[in-house]
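Here is what each chain is made of, one letter per residue.
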Amino acid sequence: MTTGQPGKTVDDRWERLQDLFSRAVELPEHEREAFIGAETGDDKDLKNELLELLACDVGQSTGPLTHALGAAIDATTRDRRKALVGRVIGNYKLASILGHGGTGTVYLGERADRQYSAQVAVKIVDNAPIHGDLGLRFRAERQILASLNHANIARLLDAGETKDGQPYLVMEYVHGEPVDRYCDRQQLDLHARLKLFLEICNAVQYAHQNLIVHRDLKPANILVTAEGSPKLLDFGIAKLLDTGDAAAMLALTRMNDRLLTPEYASPEQILGRQVTTASDVYALGVVLYELLTGLRPYTVPSSASQLELERSICISDPQRPSTAVKKAMEAAEAAEGESAIAAIALARGLQPDRLQKRLLGDIDAIVMRALRKEPQHRYGSVEQLAADVRRYLSAEPVVARQGNWLYYSQRFVRRHAFGVSAGAFLIVVIVVFAVAMSIQNQRIAAERDRAANESKSAQAVSEFMLDVFSAAEPFKAQGKEITARQLLEQSGMQVRADKGMRPEVRARLLASIGRAFRRSGDPERSLSYLEDAVHLRRQMPNSGGLPAAEDMSELAITLRALGDMNGSARVINEALALCDRIGGQRTPTYATLLTNRGRVEFASGDVSRSRQSFEHALALNRQVRGPNDQEVAVVLLDLSLVFMWMDDIPSVERVTRQAVDIFRLTANDLHPDRVLAETRLGEALLMQNHINEAGVMFESTLEKQRILFGNNSRQVAEVLDSLSQIRRAQGQLAESEQFAAEALSSAVNALGAEHAYTPYFRTAYASVLMRRAKYTEAERELRHSLDTLAKTRPADHQYVCSAEHLLGEVLLETNRLADAEGTLTAAMNRWKRTDAPAWRAARSASALGEVFYKQGRMREAEQYLTRAYTELAADDSADRDVRIKARQRVEHFYIANGQREKLNDLMLATSGAAPAKTPQARSN
Amino acid sequence: MTRLLSAWQSGDTRALERLTPLIYEELRNRARRYMKRERPGHTLQATAVVHEAFVKLVEMNVSWQDRAHFFAVAARQMRRILVDHAKSRFRDKRGGTTTGSLNDFDMDVLDLGPATAGDIDVLEIDEALQRLSGNNPRLAEMVELHYFGGLTYQELSETLKVSEATVDREIRLAKAWILRQIRPQRNREPEAS
């Protein structure tokens with residue numbers, strides 16, 4: 001820094017300039033010149049400079065510089081977006097940019113063949129490869145839009161991907177202007193504005209009946225055509241509802257919050273709570289407010305940050321429309337000059353005071369009811385809002401004016417308690433969406449005359465969920481924070497108590513709750529709900545059809561999560577048989593069942609069968625769900641586990657990379673499966689001894705895993721286990737032990753000490769302990785592993801083999817040779833009965849040879865040691881450390897017996913068999 | 001700060017490689033929201049762009065010597081991106097190869113307010129800043145950090161180890177100084193932001 005350095009005249013002068021300038025700006029403007037004159041004396045240059053500077057002073061405001069910067073930023077980015085103009089997408093040539101939505105850029109498209117002059121709006125997701133999650137949203141939007149068919153909602157015409165893989169939508173081009181501008185330009189009076197508003201409500205209500213929430217209603221998304229008919233645009237955020245996937249939902253919600261226009265966002269949206277049809281009621285309230293008053297319900301100084309606006313939306317009560325107009329009138333009087341409110345009133349064919357009087361009373365009440373902070377205190381539906389507007393128009397008493405006093409007196413009490421944990425809502429949101437989606441799907445499939453009936457049951461479900469939500473109100477919970485599980489439990493009790501509920505609806509709700517319990521990490525609770533759902537389904541016609549198979553699939557997953565492999569297999573086979581019977585073999589459900597069958601088979605140690613199941617599921621998924629569907633990636637990951645067990649690591653890497661590619665296209669950074677895929681790729685790298693690369697990968701995924709699953713989770717346990725292996729390979733045994741210990745404790749806490757999977761971590765820990773010569777502890781852990789495995793796994797499971805082999809090594813190291821012989825012989829024979837590669841049995845054989853050597857049984861020792869080493873040396877996939885150990889044993893044996901020639905012969909023979917690249921392949 | 005900047009100038013090129021696309025990315029995001037803004041007078045701030053880029057880098061686990069270093073590099077980079085672009089547009093216009101007209105934008109989304117004769121170009125700011133740097137390099141750096149790096153007065157005060165009041169005083173003068181460089185002949189009316 002240069003201040004304070006003496007002797008620099010430039011600095012001195014600047015300091016003086018600074019001093020005088022700062023003092024001058026504190027003075028009233030008319031005193032400044034005199035002040036400067038007095039202070040500068042003879043220094044004319046300084047005086048002039050100061051006067052010029054004062055003339056350029058813009059005070060505290062950032063003013064013209066910020067504006068210039070904004071324009072520069074705008075110009076910089078604008079040109080980059082123009083690149084697509086002139087290109088042909090689908091059958092349309094992009095003529096110009098229409099605008100930018102939250103998800104992408106919208107272009108005006110014209111028929112490329114010019115056979116007839118059709119104009120369309122083409123929406124292209126910007127930068128899809130970077131924002132995988134946007135791509136996902138986009139696909140969801142496509143489906144939602146296609147299912148909406150209403151005169152006041154912009155139609156979807158086509159959809160696809162550009163050559164660069166950017167998804168695009170072709171939509172009806174709406175030539176119109178935003179509703180607020182349209183009303184002002186047409187000088188519509190209040191009556192006409194309300195009529196138009198009712199049409200808008202109609203369209204929103206239609207979407208709600210299809211269980212689609214717009215989430216981003218605002219004048220810019222409501223265009224009015226030249227014929228005066230409103231069109232709703234940009235269901236960009238509404239498409240959220242199209243996914244039942246919890247993690248995707250979380251990520252999307254977060255993203256949406258960022259894309260949201262705060263002026264029209266409801267408090268629950270700003271707070272990241274669950275968004276329902278009530279959020280649209282709120283946004284419609286803001287739109288109505290603006291159409292009628294020309295003002296926004298929340299006015300903050302233009303210098304205020306978005307945060308302040310959001311705070312005021314969440315905390316303060318908005319001004320009533322009539323009050324806002326009155327205040328604007330007062331402000332206009334004070335300011336004299338031309339008044340904005342006069343222009344606003346004029347556009348409505350009124351004087352400001354007339355406008356204020358017209359708004360007073362009914363309209364105030366209607367708007368304020370729609371704008372209430374708490375969703376359940378607004379109008380129950382858009383239809384109710386519209387009904388009240390109609391009542392006003394026909395001069396009937398409006399509902400909104402009833403009960404306001406009570407509302408506002410209670411609000412004061414509740415204001416500070418407006419907090420239920422966001423987590424609780426999210427879980428329930430999963431239930432709601434799962435339910436909503438299953439009903440929606442059925443709606444599409446159902447015949448027309450059944451639609452009315454279905455809509456009734458959809459409404460029943462919504463009402464039920466609304467009950468659950470309102471039960472979550474803090475004051476009802478006596479100040480205690482309600483957890484997600486309590487909320488689910490409550491829903492469950494309500495479903496079970498409600499005798500009048502249709503079995504169809506009941507089964508769906510039970511299954512959804514059961515699934516939500518499992519996803520929240522509580523498979524025990526999940527079980528009874530899913531069993532009940534399946535039980536109900538079985539009694540329905542056609543044994544419940546495909547929905548029954550779906551619920552069975554969920555039940556099977558829960559059973560597997562609980563470690564009941566036989567039960568899980570039984571349920572899956574029942575579901576598959578059901579599908580076969582009703583011709584449901586080419587369905588996503590069937591593919592999911594196959595995947596889960598593969599998982600059960602794999603968990604039971606039947607690796608080759610599970611591979612078949614997964615490959616079948618993979619092919620079917622690609623066919624019925626599409627090649628880049630996330631389910632495809634998920635099965636690829638399962639398959640990678642199979643390859644992992646077959647020690648076919650290049651295949652692991654191959655399928656895992658395919659999975660990672662799909663996830664990078666379709667999921668965000670923290671998508672659990674994506675993180676899993678990346679982790680597994682790390683594993684494949686690790687297995688191929690790209691240690692350092694793998695280490696970096698795991699270190700970064702560890703944090704993501706901790707965020708996603710918590711410290712005590714199987715996922716975190718697995719990453720820790722990998723890191724333990726990496727540290728071991730890097731020679732950092734102390735750290736390796738630490739990671740292994742943490743992995744085990746994480747697994748024990750997550751799964752239970754006696755869970756079928758826990759022995760894996762226990763055995764891994766024991767193997768590190770052995771490396772550090774902590775044989776007593778290692779033995780204790782290995783025996784514990786074998787005990788658990790005896791209860792939970794088939795006798796010839798690979799976990800058993802591993803633990804048994806290691807125990808044999810411990811016995812060998814601690815010179816209990818007879819026990820070692822027995823244990824290692826068992827392990828060797830057991831390995832031979834599994835699908836595992838031959839070198840694993842050879843490893844046991846090598847250890848056994850060492851036992852014989854120590855026992856002085858030289859002939860047997862030589863036979864076992866040389867055979868084992870020959871086999872290991874020839875097998876490229878064999879573990880390097882194992883090979884080295886076997887080699888050392890042979891060397892030791894021959895040297896101790898003075899048979900160096902035999903050793904040389906053996907090495908010569910095996911060096912031919914072993915691939916030449918062996919040394920550098922291990923150089924990592 | 002000077003030390004930090006020279007550390008950058010001496011070639012933390014890898015850091016720059018990582019930073020540039022992120023700033024571009026945020027520029028795009030922010031500009032999109034900027035275009036959508038519906039409250040008059042709201043201006044797109046470099047603040048947000050650079051801060052978002054910072055957050056992303058933190059998420060990516062890129063290590064920086066410290067925050068101050070990051071913002072120094074980011075501000076310089078932001079300035080360069082904007083100035084380079086302005087220059088290339090200028091060249092394009094002279095060469096007659098303009099890529100499109102402003103009319104490509106619907107008035108709904110592009111409402112920058114009236115383009116008055118008083119509007120300033122980023123090139124002018126850049127030149128004025130260079131001249132300021134000749135007079136008072138420390139102040140020029142402060143302005144760069146504030147306008148291009150998006151540091152608030154409070155952050156400037158922490159980074160430069162001076163009081164907030166000093167920052168406020170000095171930036172106010174710097175603003176006037178720069179505006180005077182750009183249009184010495186004009187009497188500026190204070191403009192609300």
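Residues numbered from 1 in each chain as written. Chains lettered and ligands numbered in written order. Predicted model: local features only at pLDDT ≥ 70, side-chain atom pairs only at ≥ 80, totals over all residues. Heavy atoms only, no water.

A closer look at the overall build of chain A
So, step 1. In terms of helices and strands, chain A carries 41 helices and nine strands.
So, step 2. Expressed as a percentage of the 924 residues in chain A, the buried residues total 56%.
So, step 3. Put simply, of all contacts in chain A between residues at least 6 apart along the chain, 62% involve residues at least 24 apart.
So, step 4. Total accessible area on chain A stands at roughly 39,500 Å², and carbon and sulfur atoms take up 50% of it. (Helix = DSSP H or I, 4+ residues; strand = E, 2+ residues; numbered from the N terminus. Buried < 20%, exposed > 50% of the residue type's maximum accessible area, 1.4 Å probe, protein only. Contact = heavy atoms within 4.5 Å. Areas by Shrake-Rupley, 256 points an atom, 1.4 Å probe, with all protein chains shown as cover.)

Regarding the nonpolar core
All names here are of chain A.
So, step 1. Counting residues in each nonpolar core, the largest one holds 131 residues, and the members touching the most others are Phe663 and Leu782.
So, step 2. If you tally residues by element for this core, the top one is helix H27 (residues 630–645), at 11 residues.
So, step 3. Contact partners of Phe663, with chain neighbours within four places excluded, come to Gln630, Ala633, Val634, Leu637, His671, Asp673, Arg674 and Ala677.
So, step 4. Of all hydrophobic cores here, the second largest spans 59 residues; its members include Ile222, Tyr298, Ile341 and Ala386. (Core = buried A, V, L, I, M, F, W, Y, C linked by side-chain atoms within 4.5 Å.)

Here we look at the sheet that holds strand E7 (residues 176–178) of chain A
All names here are of chain A.
So, step 1. With antiparallel pairing, the three strands of this open sheet are ordered in space as E7-E8-E9. Every interior strand has two partners, whereas the edge strands, E7 and strand E9 (230–232), have only one. Within this sheet the neighbouring strands show an average axis-to-axis angle of 35°, counted without direction.
So, step 2. Helix-sheet contacts for helix H7 (residues 190–209) involve strand E8 (222–225) and E9, and the interaxial angle to E9 is about 30°. (Pairing = 2+ DSSP bridges. Axes fitted to C-alpha atoms, helices over the stretch in contact; angles between N-to-C directions.)

Here we look at the pairing of E8 of chain A
Residues and elements named next belong to chain A.
So, step 1. Here E8 shows two buried faces, one formed by Ile222 and Val224 and the other by Leu223 and Thr225.
So, step 2. Bridge count for E8 against E9 is three bridges, and the pairing is antiparallel. Its bridge partner lying in E9, Val224 is registered against Pro230.
So, step 3. Counted between consecutive antiparallel strands, the loop separating E8 from E9 contains four residues, among which Gly228 sits at a positive phi close to 85°.

Brief notes about the packing of aromatic side chains
Residue and element names in this part refer to chain A.
So, step 1. Taken as a whole and assessed by the stated rule, the structure comprises nine aromatic pairs over all chains.
So, step 2. Ring geometry for Tyr757 against Phe761: centres 5.1 Å apart, planes inclined by 85°, an arrangement best described as edge-to-face. No difference in accessibility class separates Tyr757 from Phe761, as the two residues are buried.
So, step 3. Three or more aromatic residues joined by ring pairs make a cluster, and in this case those are Tyr757, Tyr760, Phe761 and Tyr799.
So, step 4. Above the ring of Tyr379, the side-chain terminus of Arg369 is found at 5.9 Å from the ring centroid.
So, step 5. Looking at Arg714, its charged tip hangs above the ring of Tyr757, at a distance of 4.1 Å from the centre. (Phe/Tyr/Trp six-rings, centres within 6.5 Å; stacked < 30°, edge-to-face > 60°. Lys NZ or Arg CZ within 6 Å of the ring centre and 35° of its normal.)

What to know about unusual backbone geometry
Residue and element names in this part refer to chain A.
So, step 1. The phi torsion at Gln187 lies on the positive side, around 50°, for a residue other than glycine.
So, step 2. Summarising the element assignment, Gln187 is placed in the loop between helix H6 (179–185) and H7.
So, step 3. Non-glycine residue Asn689 carries a positive phi angle of around 65°.
So, step 4. On the secondary structure map, Asn689 appears in the loop between helix H29 (672–687) and helix H30 (691–709).
So, step 5. When its relative accessible area of 19% is taken as the criterion, Asn689 is described as buried.

What about the pattern of salt bridges?
So, step 1. Summed over all chains, the structure comprises 47 salt bridges over all chains.
So, step 2. Arg657 of chain A is the partner of Glu653 of chain A in a salt bridge, and the nearest nitrogen-oxygen pair spans 2.9 Å. Within this pair, Glu653 of chain A and its partner Arg657 of chain A are both found in helix H28 (residues 649–666), separated by four residues, close to a single helical turn.
So, step 3. For Glu653 of chain A, a relative accessible area of 16% translates into the label buried.
So, step 4. Arg657 of chain A gets classed as partly exposed once you look at its relative accessible area, which sits at 37%.
So, step 5. Between Arg138 of chain B and Glu170 of chain B there is a salt bridge whose closest N-O contact spans 2.7 Å. (Salt bridge = Lys/Arg side-chain N within 4 Å of Asp/Glu carboxyl O.)

Overview of the packing of helix H38 (residues 858–874) of chain A against helix H39 (residues 880–896) of chain A
Residue and element names in this part refer to chain A.
So, step 1. Interaxial distance between H38 and H39 falls to 9 Å at its minimum, and their mutual angle equals 145°. In the crossing of H38 with H39, the sense of the turn from one axis to the other is left-handed. Where H38 approaches H39, its residues Met858, Ala861, Glu862, Leu865, Thr866, Tyr869, Leu872 and Ala873 are matched on the opposing element by Val882, Arg883, Ala886, Arg887, Arg889, Val890, Phe893 and Tyr894.
So, step 2. Split into classes, the residues belonging to the contact of H38 with H39 amount to 11 nonpolar, one polar and four charged. (Left-handed = near helix turned anticlockwise from the far one by under 90°. Nonpolar A, V, L, I, M, F, W, Y, C, P; charged D, E, K, R; others polar.)

Considerations on helix H23 (residues 545–561) of chain A
Every α-helical turn comprises 3.6 residues, leaving residues that sit three or four positions apart pointing alike.
Residue and element names in this part refer to chain A.
So, step 1. An ideal rise of 1.5 Å per residue puts 24 Å on 17 residues; H23 measures up with 25 Å between its terminal C-alpha atoms.
So, step 2. Counting buried residues in H23 gives 13 out of 17 residues, a clear majority hidden from the surface.
So, step 3. Positioned one or two residues after H23, Gly563 has a phi angle of 90°, which is positive. (Expected span 1.5 Å × (residues − 1).)

Topic: the confidence of the model for chain B
All names here are of chain B.
So, step 1. On average, residues of chain B score 62 in pLDDT, and 42% of them reach the 70 mark or higher.
So, step 2. Considering only residues more than four positions removed or in separate chains, one finds that residues 1–13, a stretch of pLDDT under 50, has 23 contacts.
So, step 3. Low pLDDT (under 50) marks residues 93–118, which in the prediction has 41 contacts with non-local residues, meaning those over four places away or in another chain.
So, step 4. ipTM for the predicted complex: 0.72, alongside a pTM of 0.39. (pLDDT = per-residue confidence, 0-100.)

Side note on helix H2 (residues 29–40) of chain A
Residue and element names in this part refer to chain A.
So, step 1. Between the first and last C-alpha of H2 there are 17 Å, a value that for 12 residues agrees with the 16 Å anticipated at 1.5 Å per step.
So, step 2. Those residues of H2 not exposed but buried are Arg32, Phe35, Ile36 and Thr40. End-on, the buried residues of H2 take up no more than an arc of 105°, which puts them together on one face. Turned more than 90 degrees away from the buried face of H2 sit His30, Glu33, Ala34 and Ala38, all of them exposed.
So, step 3. One or two steps after H2, the chain reaches Gly41, where phi turns positive at roughly 60°. (Arc of directions from axis to C-beta.)

A word on the packing of helix H34 (residues 775–792) of chain A against helix H35 (residues 798–813) of chain A
All names here are of chain A.
So, step 1. Look at H34 against H35: their axes get within 9 Å of each other, and the N-to-C directions meet at 150°. When the interaxial angle is binned, H34 and H35 end up roughly antiparallel. Every pair of crossing elements has a handedness; the one defined by H34 and H35 is left-handed. Here H34 contributes Tyr775, Ala778, Glu779, Leu782, Arg783, Ser785, Leu786 and Leu789 to the contact with H35, which in turn contributes Tyr799, Val800, Ala803, Glu804, Leu806, Leu807, Val810, Leu811 and Glu813.
So, step 2. Class assignment of the residues belonging to the contact of H34 with H35 gives a composition of 12 nonpolar, one polar and four charged. (Parallel < 35°, antiparallel > 145°, perpendicular 65-115°, else oblique.)

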